[in-house]
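# Observations on the three-dimensional arrangement
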Amino acid sequence: MSEELICVGAISGAYGVQGEVRIKSFCAQPDDIETYSPLTTEDGKRSFALALIRPMKNGFVARIAEVSTKEQADALKGTQLFAQRAQLPTLPDDEYYYSDLVGLEVFDTGGTSLGRVKSVQNHGASDLLEVHQPGATATVLLPFTQAAVPTVDLGSGRIVADPPDGLF
C-alpha cells in the first residue's frame, strides 16, 4: 500500500512566458500541495519538484525546476499530479480519499446490491458516487451525503446506501 498514489492536483497550463505553470490543488488546504513535492505522474515516469509562487483565482502560480519556457509549461497542461499515500494525512473517520471509494460494492438498507462505485465526481455542489449497476450500461449518480450514504465500511469493501426514491 505504501506505493499507492493519490491525485492531489493538476497543471492547468502556462502562466506568463518564463515557464511558470498554473496549478489546481485538490487538497483540503490548497497550499498543502507544495508539501507533498516532488509529485509524479500517475505512471510514475515523470517527477515534478513544485514551488508555489503566489495564489491566483482557482489555484496557484508555481515553478517546476525542469520547466523554463512557456512551450514546456503548455506541454504539461492537463497533467495530473500524484503524491504517495504515505505522505498524506490520516483522515477522520467520516472522510475518505476518492480512491478508497472506487470499487466498493453498494447495497441498499435491505442488503440488495445496487452496484459498484465506478468513480467519485464533484461538479461544484457536493460529491457524487457514480454507481455502475450489474447488467446495466448506464450509471447512476448517488449523492455522497450522510442521508443517502449512512455507512461506508472500507474494511469489508461495502457501502450501505439509502438512495432517494426512484434513483435506482
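This report concerns the structure included in the present document. What you see is a predicted model, and the numbers here were worked out from it, not measured in a lab. (Residues numbered from 1 in each chain as written. Predicted model: local features only at pLDDT ≥ 70, side-chain atom pairs only at ≥ 80, totals over all residues. Heavy atoms only, no water.)

## Focus: the sheet that holds strand 9 (residues 113-122)
Strand order in the open sheet made by the six strands is 11-10-9-8-13-12, with mixed pairing throughout. Lying at the two open borders of the sheet, with one neighbouring strand each, are strand 11 (139-143) and strand 12 (151-153). Strand-to-strand twist across the sheet, computed as the mean angle between neighbouring axes with direction ignored, equals 35°. Direction of pairing for strand 10 (residues 127-132) relative to strand 11: antiparallel, over a ladder of five bridges. Directly across from L129, in strand 11, lies its bridge partner L142. (Pairing = 2+ DSSP bridges. Helix = DSSP H or I, 4+ residues; strand = E, 2+ residues; numbered from the N terminus. Axes fitted to C-alpha atoms, helices over the stretch in contact; angles between N-to-C directions.)

## Notes on the nonpolar core
Ranked by internal contacts, the top residues of the largest apolar core, which has 23 residues, are V8, I23, I33, L39 and I64. Taken together, the elements giving at least two residues each to this core come down to strand 1 (5-15), strand 2 (20-25), strand 5 (50-56), strand 6 (59-64) and strand 7 (80-84). Among residues more than four places away in sequence, those in contact with I64 are I11, V21, F48, A49, L50 and L76. (Core = buried A, V, L, I, M, F, W, Y, C linked by side-chain atoms within 4.5 Å. Buried < 20%, exposed > 50% of the residue type's maximum accessible area, 1.4 Å probe, protein only. Contact = heavy atoms within 4.5 Å.)

## Let's talk about the environment of S68
Note that S68 resides in the loop between strand 6 and helix 1 (70-75). According to the relative accessible area criterion, S68 is partly exposed, its value standing at 48%. For the pair S68 and R116, spaced 48 residues apart in the sequence, the C-alpha separation amounts to 44 Å. Sequence-distant contacts of S68, defined by excluding residues within four places in its chain, comprise Q18 and G19.

## Some points on the side chain of T40
As for its placement among the helices and strands, T40 is situated in strand 3 (residues 39-40). Residue classification places T40 among the buried residues on the basis of a relative accessible area of 16%. Ignoring any residue separated from it by four or fewer positions in sequence, one finds T40 in contact with L5, R46, S47, Q80, L81 and F82.

That's the geometry; what it means functionally is another story.
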